[in-house]
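Structural overview for review
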Amino acid sequence: AQSVAQPEDQVNVAEGNPLTVKCTYSVSGNPYLFWYVQYPNRGLQFLLKYITGDNLVKGSYGFEAEFNKSQTSFHLKKPSALVSDSALYFCAVGGGGFKTIFGAGTRLFVKA
Amino acid sequence: GAVVSQHPSRVICKSGTSVKIECRSLDFQATTMFWYRQFPKKSLMLMATSNEGSKATYEQGVEKDKFLINHASLTLSTLTVTSAHPEDSSFYICSANPPGDSPLHFGNGTRLTVT
């Protein structure tokens, strides 16, 4: 069975500082991993994905994520946070014929 | 890019009535669409997988007679909440996979309030 865990309910960071939102996963076989962002009362927006290839994946709005097979992690990162990055972030595993399973979500607060 | 449109964005209905929510893939064909429910400050709960031309696959604990899903064409799936009750009030989101290894694309969600 596939699963994904986001250990932090909330992450607080000052504007201009680097941010990390953590995600670990459990799958049999090669994982398809995704990050999505949700703004209030909206659907989810796709940020980036890892299917194969380079472990460092670059996505929308300056976000990137690093796939680490040995640690089964796929942490989301951004070198310099913006206030407008404040939102709810979801890590997900799936695709390739499997249902997409979402983590519990991490709320990111970026303070000016 | 792939676009999924969901309508309405917000609906208020009286207890006992039925509400229909539409999900459309605007620029791709989707044989499969997914319906999620999201509670406040919670993650998405997959309710069912909508299959074009066949019956939907419901997740455990989701009442199929309560949440009717119809996927009559390759670009449209509908979710009907029948005999709505206040506890059905929630944020409902649909999604679909464009062909290939594309990620899920989501509608903007429907805020249902049952009074």
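Scroll up for the structure.
Residues numbered from 1 in each chain as written. Chains lettered and ligands numbered in written order. Predicted model: local features only at pLDDT ≥ 70, side-chain atom pairs only at ≥ 80, totals over all residues. Heavy atoms only, no water.

1. Focus: unusual backbone geometry
In this structure, the amide linkage connecting His7 of chain B to the following residue, Pro8 of chain B, adopts the cis form with an omega of 0°. Along the chain, Pro8 of chain B falls in the loop between strand S1 (4-7) and strand S2 (10-13). In this structure, Asn41 of chain A is a non-glycine residue whose phi angle is positive, near 55°. Positionally, Asn41 of chain A belongs in the loop between strand S5 (33-38) and strand S6 (44-50). Taking the relative accessible area as the measure of exposure, Asn41 of chain A reaches 42% and is therefore partly exposed. Here Ser83 of chain B, not a glycine, exhibits a phi torsion of approximately 40°, which is positive. (Helix = DSSP H or I, 4+ residues; strand = E, 2+ residues; numbered from the N terminus. Buried < 20%, exposed > 50% of the residue type's maximum accessible area, 1.4 Å probe, protein only.)

2. Focus: the sheet that holds strand S8 (residues 76-81) of chain B
Residue and element names in this part refer to chain B. Read from one edge of the open sheet, 4 strands run S1-S3-S8-S7, paired in antiparallel fashion. With one partner strand each, in any of the chains shown, S1 and strand S7 (67-73) form the two edges of the open sheet. For this sheet the average axis-to-axis angle between neighbouring strands, irrespective of direction, equals 15°. The pairing of S1 with strand S3 (residues 19-25) spans 4 bridges and is classified as antiparallel. From the neighbouring strand, Ser5 faces S3, where its bridge partner is Arg24. (Pairing = 2+ DSSP bridges. Axes fitted to C-alpha atoms, helices over the stretch in contact; angles between N-to-C directions.)

3. Observations regarding the state of the cysteines
Covalent bonding between the sulfur atoms of two cysteines defines a disulfide. Summed over all chains, the structure comprises 2 disulfides over all chains. Residue Cys23 of chain A pairs covalently with Cys91 of chain A via a disulfide, S to S 1.9 Å. The chirality of the disulfide connecting Cys23 of chain A with Cys91 of chain A is left-handed, given an S-S dihedral of about -65°. Placement of Cys23 of chain A in the loop between strand S3 (19-21) and strand S4 (24-26) and of Cys91 of chain A in strand S10 (residues 87-95) is noted, with a sequence separation of 68 residues between them. Each sulfur of the disulfide joining Cys23 of chain B and Cys94 of chain B lies 2.0 Å from the other. One disulfide, between Cys23 of chain B and Cys94 of chain B, carries an S-S torsion of 80° and so falls in the right-handed class. Separated by 71 residues along the polypeptide, Cys23 of chain B in strand S3 and Cys94 of chain B in strand S9 (residues 90-96) bring together distant segments of the chain. Take Cys94 of chain B: its relative accessible area is 0%, and that puts it in the buried class. Just so you know, Cys13 of chain B is unpaired, no disulfide at all, and the nearest cysteine sulfur is the one on Cys94 of chain B, 18 Å from it. (Disulfide = S-S within 2.5 Å.)

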